[in-house]
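# Results of the structural survey
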Amino acid sequence: FGCQTLLTKLFLTQLADGIMGMVNKGTSYWSQMYEGGAMAKKSFSLCYARHPTASREGTEAGAMTLGGTDGRFHMTPMRYARNVKASSGYFTVNLKNIYLREGGGESAGTNDDNEGNVHSMEIDPETLKKANSGHSVIVDSGTTMTYLDNRLGEVLKAKWEEIAGMKYTNKPLTLTDEQVRSLPTLLLQFEASSDGAN
């Protein structure tokens, strides 16, 4: 799949020992598969799953489908976001709003009666415009983190504390399984592609 030419030790403390970025360029694995005739459609999908434990020997964490999607993984209908800078090589999207849903959950769609109200971040349009410019908002398979513009982060932290009853932090916490399951679900709303699901 690839050749490692430099070792920076970035992955020594993580369970993953490498990444396979799915950049929107001809050199990416999935694009080469399409160009080589191994896939009929120039597309791929990633389905992530969260398991309660992880192991260096391996943990099932979802699936990658080359050449389309696999409906067996779908809990809700597929929706598509518009790639606003397709020529950049990144999958760049326009963020329209951020929401926090009370009561946890493992899907953008509600799947439990205990899941509660959805709270809009009520982001100032000018702040949102700035967050969508510059480095933009990208969906990147080569990282495990979600980064937000500082201006958006402040709004999120305030709403998180209001709903979760605790400060938002990147520092390690000790929580019970029940506390983890009750943390709010972060929902990101993107500008839709031409399928009209905006």
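Because the structure is a prediction, the values reported are computed rather than measured. (Residues numbered from 1 in each chain as written. Predicted model: local features only at pLDDT ≥ 70, side-chain atom pairs only at ≥ 80, totals over all residues. Heavy atoms only, no water.)

### Let's talk about the overall build of the protein
Along the protein, the regular secondary structure elements total four helices and seven strands. Counting from the amino terminus, helix and strand elements in the protein follow one another as α-β-β-β-β-β-α-β-α-α-β. A buried classification covers 21% of the 198 residues belonging to the protein. With the model as given, the accessible surface of the protein reaches about 14500 Å², and the carbon-plus-sulfur share is 51%. (Helix = DSSP H or I, 4+ residues; strand = E, 2+ residues; numbered from the N terminus. Buried < 20%, exposed > 50% of the residue type's maximum accessible area, 1.4 Å probe, protein only. Areas by Shrake-Rupley, 256 points an atom, 1.4 Å probe, with all protein chains shown as cover.)

### Here's the deal with the pairing of strand S4 (residues 95-101)
For S4, the tally of buried residues reaches five of seven residues, placing the bulk of the element in the interior. As paired elements, S4 and strand S7 (residues 185-190) share six bridges and run antiparallel to each other. Each bridged residue has a counterpart across the sheet, and for Tyr99 the counterpart in S7 is Leu187. Strand direction decides the pairing type here: S4 and strand S5 (residues 118-120), joined by three bridges, are antiparallel. (Pairing = 2+ DSSP bridges.)

### As for the packing of aromatic side chains
To describe a pair of aromatic rings, you give the distance between the ring centres and the angle between the ring planes. Inspection of every chain in the model, using the stated rule, returns four aromatic pairs. Their ring planes at 75° and their centres at 5.9 Å tell us that Phe44 and Phe91 sit as a pair that is edge-to-face. Of this pair, Phe44 sits in strand S1 (residues 44-48) while Phe91 sits in strand S3 (residues 91-93), and the two are 47 residues apart along the sequence. On the accessibility criterion, Phe91 (25% relative accessible area) is partly exposed. (Phe/Tyr/Trp six-rings, centres within 6.5 Å; stacked < 30°, edge-to-face > 60°.)

### Examining the confidence of the model for the protein
Mean pLDDT over the protein works out to 81, with 84% of the residues at or above the 70 mark. Confidence scores differ between elements of the protein, with strand S6 (residues 137-139) showing the lowest mean pLDDT of 83 and helix H1 (residues 29-35) the highest of 91. (pLDDT = per-residue confidence, 0-100.)

### Some details on helix H2 (residues 125-132)
Side chains of residues three or four places apart in an α-helix project in the same direction, reflecting 3.6 residues per turn. Within H2 the residues assigned to the buried category are Thr127, Leu128, Ala131 and Asn132. Down the axis of H2, the smallest arc covering the buried residues is 135°, so these residues share one side. In H2, the exposed positions that point more than 90 degrees away from the buried face belong to Pro125 and Lys129. At its buried positions, H2 is contacted by S3, S4, S6 and helix H3 (150-164). (Arc of directions from axis to C-beta. Contact = heavy atoms within 4.5 Å.)

### Observations regarding the nonpolar core
Taken as a class, soluble globular proteins show a tendency for nonpolar side chains to be buried jointly. Counting residues in hydrophobic clusters, the biggest one holds twelve residues: Val93, Leu95, Ile98, Leu100, Met121, Ile123, Leu128, Ala131, Val137, Leu152, Leu156 and Trp160. When contributions to this core are tallied by element, the ones reaching two or more residues are S4, H2 and H3. When neighbours within four sequence positions are excluded, Trp160 is seen to be in contact with Leu100, Gly165, Met166, Lys167, Tyr168, Leu183 and Pro184. (Core = buried A, V, L, I, M, F, W, Y, C linked by side-chain atoms within 4.5 Å.)

### Quick word on the environment of Asp149
With respect to the helices, strands and loops of the structure, Asp149 is situated in the loop between S6 and H3. Judged by relative accessible area, Asp149 falls into the partly exposed class, the value being 25%. Taking the C-alpha atoms as reference points, Asp149 and Leu128, separated by 21 residues in sequence, lie 9.3 Å from one another.

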